[in-house]
Amino acid sequence: MSFVQIATALLAATGVVASPFRLTQRSYLGFDYNTEKVRGVNLGGWFVSEPFITPSLYNISGDPPIDEYHLAQALGSNAQSVLSQHWNTWYTADDFATIASYGLNHVRIPIGYWAFQLQPGDPYVQGQEPILDNAIEWARNNGLKVWIDIHGAPGSQNGFDNSGQRDVLNWQNGDNVQATLDVVKYVAQKYGQTDYNDVVVGIELVNEPLGPSLDMSGIEQYYNDGWSAVRDAGSDTGVVIHDAFQPLGFWNQFMTTPNYWNVVLDHHQYQVFSSGQLQMNIGQHIAAACSIGGQTQSEYLWRVTGEWSAALTDCTPWLNGVGRGSRYEGQYDGSPWIGSCAGNDDEIPAWPQERQQNTRRFIEAQMDAYDQGTGWIFWTFKTEQSPEWDLRRLVDGGLFPQPLTDRQYPNQCNF
Ligand SMILES: *[C@@H]1O[C@H](CO)[C@@H](O)[C@H](O)[C@H]1NC(C)=O
C-alpha cells in the first residue's frame, strides 16, 4: 500500500473524505476534477497546422514543406493570407456546437508560442489570437471548458512537426525556456483571470517535451517556474503538465504538496509509433489500454489522457512526417513490413466489418481505461482524410459511442 492509499483508507475509515485528490484543488476552478470526468477533444491542426491533418495545406509543390515554419517560409508573402484563411475556416462556431452535442465537456486547443511572441528571424505569421478569443467564446456558449496548450515552444521541445519545427531540439538552449515562460505569463495574465475562469480551466505549460532526450531536471524546473508564472500572474487556473514521456507513476512525488494547487498531469497514449506496437493484434492493443488504466488508478495528481486516437496503424499519409512512409509498410524507422495500408483511409462505411468492430472495441476499452484517471481528450476532432484520427467520422460511422456511455463491448478491462 502506498502512502496515498493508506491515507485514503484511514480517511475513509473515519468517514472524513473519500478521496485524497481534493487536497490538490484550492480556490475556484470552472471544472471539478475531483468529481467529474473529462470527456474532451483536441482541436488539432488549427493554430498549429499539421501535414497529416490538412495535407492540402502542405501539398503545394513537388517538395512540400515539412512543418509550419517551412510552410510559412515557402509561402512567403502569401503566408498571412493562406494561414489566416485556414484559421478562419478549419474550425468555426458550428464545430463547437457539434462537439457539445456529442456530450463532450472539454476542448484542448494547441497553439504555438509564435501566436503571442515571435522570435528574431521567425518566418511564422500571426493573427491566431483574436480567433482564439472567438473560440473561447464559442466554447463558453456551448458549455465547453478550454485548455490552452502551448504546443510549440521556441527552438522546438520535441522535434516533431507539430511543434512548428521538425528535426530540431533546441528548446533548452539559449533563451528559449525563458521565452516560453514569458508566453505562459502572457497567456495567464490574459486568459487565467476571473473574466475567463468559468471557461478556461487549464493552461498547458508545454506539449510533449521530449524527456528521454532533454534534461529532465530542466523540464521539472520549467514546470515549477511555469506554475509560479501562472500563479504570480494572479491566476488560479489549472496548470497542465505533460508527463514528458515518463512512465505512469513517475510524477507521483511532483507538485503534490499543499504548496501547489490545481495541477493536472497530461498523458498521451498512442499504440502506433513503434513496430512492436504495430505488430500487436486487437486483443493485445486492448490489453495494453487496460493495463494503462490499471496503472493510472494509483497515480496521485489529477491525470487526463489528453491525447489518444482510434488508430491501429500508422498508415495515414504524413503521420510520421512529410516525405516519410509508414512503419506498417516497412518504409520508415527500420520497421519490417507488417501489413498493407491499402484502403486504410477509406470512409468508415467501406471498412470490412471486422475492422469496424476492432476499432469500436479499441475505442471503448480506451475510454474505460482512461476513466480510471480523470478522463480523456481524443486526438482530434477533424481531419481531411484520416478516419482513425477523426472524431467526427468515427461518430458518424458508429464507431465512437453515442451517447458516450454506450457500450457494445462492456467490461473489456474488468475494472
Ligand atoms: C500530394 O499531391 C500529390 C499530387 O496530386 C498526390 O498524389 C498525393 O497523394 C498528395 N499527398 C498527400 C499526402 O495528400
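Residues numbered from 1 in each chain as written. Predicted model: local features only at pLDDT ≥ 70, side-chain atom pairs only at ≥ 80, totals over all residues. Heavy atoms only, no water.

In the nomenclature of an unreviewed UniProt entry, the protein chain corresponds to glucan 1,3-beta-glucosidase from the organism Sugiyamaella lignohabitans. Regarding the protein chain, the relevant UniProt record gives this comment under Catalytic activity (unreviewed entry): "Successive hydrolysis of beta-D-glucose units from the non-reducing ends of (1->3)-beta-D-glucans, releasing alpha-glucose." The annotation that UniProt attaches to the protein chain under Sequence similarities (unreviewed entry) is "Belongs to the glycosyl hydrolase 5 (cellulase A) family." (UniProt positions renumbered as here; feature names shortened; annotations may be inferred.)

**Student:** What's the story with the layout of surface pockets in this structure? I'm lost.
**Tutor:** Empty space among the atoms becomes visible once a probe the size of a water molecule is rolled across them. Empty space within the largest pocket amounts to approximately 910 Å³. The wall of the largest pocket is formed by 36 residues, among which F160, E208, F245, Y270 and F273 lie closest to the centre. Along the walls of the second largest pocket sit 24 residues, with L312, T313, Y328, N344 and R355 positioned nearest its centre. Contributing elements (two or more residues each) for the lining of the second largest pocket: α10 (282-296) and α11 (353-370). Here the lining of the second largest pocket gets four residues from one element, more than from any other, and that element is α11. Here the lining of the second largest pocket is built from residues that sort into 11 nonpolar, nine polar and four charged. (1 Å grid on protein atoms, 1.4 Å probe; cavity = no way out; pocket = protein on both sides within 12 Å on 5 of 7 lines; lining within 4 Å. Points joined across faces, edges and corners; volume = space filled by probe spheres on them. Helix = DSSP H or I, 4+ residues; strand = E, 2+ residues; numbered from the N terminus. Nonpolar A, V, L, I, M, F, W, Y, C, P; charged D, E, K, R; others polar.)

**Student:** For this particular structure, what's the right way to read the packing of helix α3 (residues 68-75) against helix α4 (residues 79-90)?
**Tutor:** Any two packed helices are characterised by how steeply their axes cross, that is the angle between the axes, and by the distance between the axes. The geometry of α3 relative to α4 is characterised by a closest axis approach of 8 Å and an angle of 130° between their N-to-C directions. Regarding the angle of α3 to α4, the classification is oblique. Contact with α3, carried on its side by E68, L71, A72 and L75, involves A79, V82 and L83 of α4 and no other residues of that element. Counted by class, the contact of α3 with α4 contains six nonpolar, no polar and one charged residues. (Axes fitted to C-alpha atoms, helices over the stretch in contact; angles between N-to-C directions. Parallel < 35°, antiparallel > 145°, perpendicular 65-115°, else oblique. Contact = heavy atoms within 4.5 Å.)

**Student:** How should the state of the cysteines be read in this particular structure?
**Tutor:** Disulfides are covalent bonds that connect the sulfur atoms of two cysteines. This structure, assessed with the given rule, holds two disulfides. Between C290 and C413 runs a disulfide, and the two sulfur atoms are separated by 2.0 Å. Classification of the bridge connecting C290 and C413 rests on its S-S torsion, roughly -75°, and on that basis the disulfide is left-handed. One end of the pair, C290, is in helix α10; the other, C413, is in the segment after α12 (391-396), with 123 residues separating them in the sequence. As far as burial versus exposure is concerned, C290 and C413 are alike and both buried. The disulfide partner of C315 is C341, and the gap between their sulfur atoms is 2.0 Å. A torsion of -75° about the S-S bond marks the disulfide between C315 and C341 as left-handed. Of this pair, C315 sits in the loop between β7 (302-308) and α11 while C341 sits in the loop between β7 and α11; the two residues are 26 residues apart in sequence, bridging distant segments of the chain. For the pair formed by C315 and C341, the shared burial category is buried. By sequence-ordered numbering of the bonded cysteines, the protein chain has its disulfides arranged as 1-4, 2-3. (Disulfide = S-S within 2.5 Å. Buried < 20%, exposed > 50% of the residue type's maximum accessible area, 1.4 Å probe, protein only.)

**Student:** Got a minute to help me understand the site of the ligand in this structure?
**Tutor:** In the vicinity of the ligand, the contacting residues are P55, N59, P317 and W318. Contact with the protein chains hides 35% of the accessible area of the ligand, taken as 360 Å² for the molecule alone. Class assignment for the residues of the shell around the ligand results in three nonpolar, one polar and no charged. (Near = heavy atom within 4 Å. Areas by Shrake-Rupley, 256 points an atom, 1.4 Å probe, with all protein chains shown as cover.)

**Student:** Explain the UniProt feature "domain: Glycoside hydrolase family" (unreviewed entry) in the protein chain to me, please; I cannot follow it from the model alone.
**Tutor:** The positions that UniProt labels "domain: Glycoside hydrolase family" (unreviewed entry) are, in the present scheme, residues 83-274. Helix makes up 33% of residues 83-274 and strand 17%, with an end-to-end C-alpha separation of 32 Å.

**Student:** When you look at the pattern of salt bridges in this model, what are you seeing that I'm missing?
**Tutor:** When their charged atoms lie close together, side chains carrying opposite charge are able to pair. For the structure shown, the criterion picks out 20 salt bridges. Between D149 and R108 there is a salt bridge, and its shortest N-O distance comes to 3.3 Å. With D149 in strand β3 (residues 145-152) and R108 in strand β2 (residues 106-112), this pair connects stretches of sequence that are 41 residues apart. Residue class for R108 comes out buried when judged on its relative accessible area of 0%. Across the salt bridge formed by R324 and D167, the nearest N and O atoms sit 3.1 Å from each other. With a gap of 157 residues between them, R324 in the loop between β7 and α11 and D167 in the loop between β3 and α7 (176-191) connect regions that are remote in the sequence. The partly exposed category is assigned to R324, whose relative accessible area is 24%. For D167, a relative accessible area of 49% gives the class partly exposed. When salt bridges with common partners are traced through the structure, they connect R108, D149, E204, D266 and E307 into a single cluster. (Salt bridge = Lys/Arg side-chain N within 4 Å of Asp/Glu carboxyl O.)

**Student:** Looking at this structure, I do not really get the packing of aromatic side chains. What am I missing?
**Tutor:** The relation between two aromatic rings is expressed through the spacing of the ring centres and the mutual angle of the planes. The tally for this structure, following the rule as stated, stands at 34 aromatic pairs. Cluster of aromatic residues (ring-pair linked, three or more members): W46, F47, W90, Y91, F96, Y102, W138 and F381. The ring centre of W351 lies 3.5 Å from the NZ or CZ of R355, which sits over that ring. The aromatic ring of W90 is capped on one face by K382, whose charged end is 5.1 Å from the ring centroid. (Phe/Tyr/Trp six-rings, centres within 6.5 Å; stacked < 30°, edge-to-face > 60°. Lys NZ or Arg CZ within 6 Å of the ring centre and 35° of its normal.)

**Student:** It is not clear to me how the environment of N42 should be interpreted in this structure. Could you clarify?
**Tutor:** Inspection of the secondary structure puts N42 in strand β1 (residues 38-42). Owing to a relative accessible area of 0%, N42 belongs among the buried residues under this scheme. Considering only alpha carbons, one finds N42 and T380, 338 residues apart in sequence, at a separation of 4.8 Å. Excluding residues within four positions of it along the chain, N42 makes contact with Y91, R108, G306, E307, I377, F378, W379, T380 and F381.

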